[in-house]
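Residues per chain, in single letters:
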Amino acid sequence: MRSIDVEIVAKEVERLFIEANYILPDDVKNKLEEALVYETNPLSKDILNILKINYKKSEEMIYPLCQDTGMAVVFLEIGQEIHFENGFIGDAICKGVENAYNKGYLRKSVVADPLKNRANTKTNLPPVIHTEITKGDKLKITVIPKGFGAENQSAIKMLTPSDGREGIIDFIVSGVIKSGGKGCPPSVIGVGIGGTFEYAAILAKKALLISLDKPNEDPFYKDMEEEILTKINQSGVGSQGIGGNISCLSIKILTYPTHIAGLPVAYNYCCHSTRHKSCVI
Ligand code: SF4
């Protein structure tokens, strides 16, 4: 059994949320550079150049990548040989989130009740926490500050097995094109196929964590990712919906076994500010 002080977890969560909000991952920067090469509409090119200036300034810790610093999503991979000491792990994560949003001057965007009075909690709490038990004695923490301009453009559908590959592609391509500029394109789309209703959505969010530089190892899904990407980019939506040939930077698909009668599919829309950060303790 290995003991981990939850105070260390709180400090790491604080650091990760601040860094994620100020420093764009290299793979996203690379894709934005690529987009600058392939974009032919001068207005969309201007926007891509502004996005570049924006992430460079943000890296100097002058201001966050975006004013919407997101709802805090945390993925925990907890080795089964870990024992947490000095408190409850859930409280430690909340402490880390609250400190990050205070010390990092990040906007607090969470309302306590989704329907009644929608009063801001003023702490950006609570976060959404997903936990998975893994082998060994390591703890992996991944944080995603998820802006809702993009989150709102996500969708889930219970397709039937006969809808197949084409049904999935139609569902994603038509939905993403219909979103136009609302999700702050150029986008990154995480796709979850299989599992159950809720698990497809979790897979879609996890797919946003895959490096954009890493092609899918399965030729079938690699081909599907490329077809979806091409069709979305042929739509002409462009950066921020202003028109152009780059509307989407990358499609990432994750799959899981499912029931004989079903084909759950979810896609999680993410904007040009695809932010996440991980550490292993
Ligand atoms: S969708 Fe992304 S870039 Fe647009 S406002 Fe939200 S976080 Fe910012």
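See the structure shown above.
Before going into details, it helps to say that this report is about the structure given with it. (Residues numbered from 1 in each chain as written. Predicted model: local features only at pLDDT ≥ 70, side-chain atom pairs only at ≥ 80, totals over all residues. Heavy atoms only, no water.)

## Section: a nonpolar patch on the surface
In step 1: A cluster of nonpolar side chains, namely Ile 156, Met 158 and Phe 197, defines an oily patch on the protein surface of about 290 Å² accessible area.
In step 2: The residue Ile 156 is located in strand S6 (residues 155-159) in this model. (Patch = residues over 30% accessible without salt bridge, like charges linked within 9 Å, V, L, I, M, F, W, Y side chains within 5 Å. Areas by Shrake-Rupley, 256 points an atom, 1.4 Å probe, with all protein chains shown as cover. Salt bridge = Lys/Arg side-chain N within 4 Å of Asp/Glu carboxyl O. Helix = DSSP H or I, 4+ residues; strand = E, 2+ residues; numbered from the N terminus.)

## So, the pattern of salt bridges
In step 1: In the structure shown here, the tally under the stated rule is 21 salt bridges.
In step 2: One salt bridge connects Glu 59 with Lys 29, and the closest N-O pair in it is separated by 2.3 Å. Highlighted residues: Glu 59 in helix H3 (residues 42-59) and Lys 29 in helix H2 (residues 26-38), separated in sequence by 30 residues.
In step 3: With relative accessibility at 31%, the residue Glu 59 sits in the partly exposed group.
In step 4: Judged by its relative accessible area of 14%, Lys 29 is buried.
In step 5: We note a salt bridge from Glu 226 to Lys 222, for which the minimum N-O separation is 3.3 Å. (Buried < 20%, exposed > 50% of the residue type's maximum accessible area, 1.4 Å probe, protein only.)

## Structural notes on the site of the ligand
In step 1: As a matter of local geometry, the ligand sits amid Cys 66, Gln 67, Asp 68, Gly 147, Gly 149, Ala 150, Gly 183, Cys 184, Cys 271, His 272 and Arg 275.
In step 2: Broken down by class, the residue content of the shell around the ligand amounts to 4 nonpolar, 5 polar and 2 charged.
In step 3: When residues of the shell around the ligand are assigned to domains, at least three fall in each of domain 1 (2-22 + 65-146) and domain 2 (149-275). (Near = heavy atom within 4 Å. Nonpolar A, V, L, I, M, F, W, Y, C, P; charged D, E, K, R; others polar. Domains from an automatic or database assignment.)

## A short note on the layout of surface pockets
In step 1: Put simply, the largest pocket is a space of about 400 Å³.
In step 2: Lining the largest pocket are 21 residues, and of these Lys 31, Glu 34, Leu 229, Leu 249 and Ser 250 sit closest to its centre.
In step 3: Only H2, helix H8 (219-233) and strand S8 (248-258) provide two or more residues apiece to the lining of the largest pocket.
In step 4: The residue inventory of the lining of the largest pocket, partitioned by class, reads 9 nonpolar, 4 polar and 8 charged.
In step 5: Along its surface, the second largest pocket is lined by 15 residues, and Phe 75, Glu 77, Glu 132, Lys 206 and Leu 209 are the ones closest to its centre.
In step 6: If you list the elements that add at least two residues to the lining of the second largest pocket, you get strand S2 (71-79), strand S4 (128-134), strand S5 (139-146), helix H7 (197-207) and strand S10 (277-280).
In step 7: Tallied by class, residues from the lining of the second largest pocket come to 5 nonpolar, 5 polar and 5 charged.
In step 8: Looking at which domains feed residues into the lining of the second largest pocket, each of domain 1 (2-22 + 65-146) and domain 2 (149-275) gives three or more. (1 Å grid on protein atoms, 1.4 Å probe; cavity = no way out; pocket = protein on both sides within 12 Å on 5 of 7 lines; lining within 4 Å. Points joined across faces, edges and corners; volume = space filled by probe spheres on them.)

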